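Here is how the chains run, residue by residue.
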Amino acid sequence: MPNNVVNFTINIDGNTYKGAVQLNDALGNVLNSANQATQSLGGMFKQLMSLDALSNVVGKVSQAFQSMVGTSLDFETQQANLKTLLNGDAEATESLVNQIREYSKATVYSRGGMIEAQKTMMAFGLDAEYAFGKLQNIGDIALGDEQKMKSLALAFSQMSSTGKLMGQDLLQMINAGFNPLEVISQKTGKSMATLKEEMSKGAISADLVAQAFEWATEEGGRFYQGAETAAETTAGKIAKMNDTIDDLKVKLFEATGGATAWIAEIGNM
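Every chain begins its residue count from 1, and numbering advances along the sequence as written. With the structure being a predicted model, the display of local features is reserved for residues of pLDDT at least 70 and the display and counting of side-chain atom pairs for 80 or more, all residues being used for whole-chain, interface and lining totals. Side-chain measures were taken over the full set of non-hydrogen atoms in the model, leaving aside hydrogen atoms and water.

Caption draft 1: Region of interest: unusual backbone geometry. For Asn87, which is not glycine, the phi torsion reads 60 degrees and is therefore positive. Relative to the helices and strands, Asn87 resides in the loop between α3 (63-85) and α4 (90-106). Burial classification: accessible surface area is computed with a 1.4 Å probe over protein chains only, and a residue below 20% of its type maximum counts as buried, one above 50% as exposed, and the rest as partly exposed. Residue classification places Asn87 among the exposed residues on the basis of a relative accessible area of 76%. Non-glycine residue Leu143 carries a positive phi angle of around 55 degrees. Counting through the fold element by element, Leu143 comes out in the loop between α6 (128-141) and α7 (146-162). Numbering of helices and strands starts at the N terminus; helices are DSSP runs of H or I of at least 4 residues and strands are runs of E of at least 2.

As structure tokens, this is what we get:
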């Protein structure tokens, strides 16, 4: 069998459907080949949807198909949430999603996790472009740890909404592995004791802390290219592959007409 041919088998209610899809050998080209894959699989899934086996969807749809549908519907919901936060601007939503997708491909973070962090920051009133820029700083500081990335995004958002650094937000940042006061101390020459006293008086502005995030991730900073470096580890490569597979699931589901067509087909049974 040629290296670029992948066999697939899907079982629904005891009926087995087999086929083959041609994909490029290199993982980096999988998504570029997705259009070829959807041409082969799209018609098959449309046929499957008309089978009596789908009369009991929960019990009879194969695990693989359920996974594809679940991933796609989650992504569709996330896109709808972003569109709402962008005041219904479909073009801006598509642009933002594409930026997040490209960043996810280059790092260890999942697209879904990135979108959730982006939503959090925008929900606190941060501009979409500004939030995404800061999210990239946060991604480097979290060193590939998605939970830390989300925690830092929340703490940064909370701080930004009040306009100043408060003790609770600082503690949350420290617990996620980053103390912005240390960076500010290094850059300004002020002692940690002085900065903590200023913080207690509300004198450490959100803008200064945002600058600390940039200082920490610029060339020469402690966390410079932290996310990209994490992506080169074995765990990072596996995470990137999983995200690539999720992207392929979405493309395959869209080839069937998406959720609207799927639900309509079931309703006609």
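Next comes the rest of the write-up.
Caption draft 2: The arrangement of the packing of helix α5 (residues 111-123) against α7 in detail. Two elements in contact, α5 and α7, have axes whose closest approach is 9 Å; the angle formed by their N-to-C orientations is 10 degrees. As judged from the angle between their axes, α5 and α7 are roughly parallel. For the pair α5 and α7, the contacting residues are Gly113, Met114, Ala117, Thr120 and Met121 in the first and Glu146, Met149, Lys150, Ala153, Leu154, Phe156 and Ser157 in the second. Of the residues belonging to the contact of α5 with α7, the class tally is seven nonpolar, three polar and two charged. Angles here are taken between N-to-C directions and fall from 0 to 180 degrees, while the axes themselves are lines fitted to C-alpha atoms, restricted in helices to the stretch in contact. Angles are sorted into four bins: roughly parallel if under 35 degrees, roughly antiparallel if over 145, roughly perpendicular if 65 to 115, and oblique for all others. For this analysis, residues touch if any pair of their heavy atoms sits within 4.5 Å. Residues are grouped as follows: Ala, Val, Leu, Ile, Met, Phe, Trp, Tyr, Cys and Pro are nonpolar; Asp, Glu, Lys and Arg are charged; all remaining types, including Gly, are polar.

Caption draft 3: Expanded view of the pattern of salt bridges. Salt bridge, as applied in this entry: a Lys or Arg side-chain nitrogen positioned within 4 Å of an Asp or Glu carboxyl oxygen. What the rule picks out here adds up to seven salt bridges. The salt bridge partner of Glu116 is Lys119, with a shortest N-O separation of 3.1 Å. Taken as a pair, Glu116 and Lys119 lie in helix α5 at a separation of three residues, close to a single helical turn. In this structure Glu116 comes out as partly exposed when scored by relative accessible area, which is 31%. Residue Lys187 pairs with Glu218 through a salt bridge whose shortest N-O separation is 3.5 Å. Highlighted residues: Lys187 in helix α9 (residues 180-188) and Glu218 in the loop between α11 (206-217) and α12 (226-231), separated in sequence by 31 residues. According to the relative accessible area criterion, Lys187 is partly exposed, its value standing at 47%. Given the relative accessible area of 34%, Glu218 is considered partly exposed.

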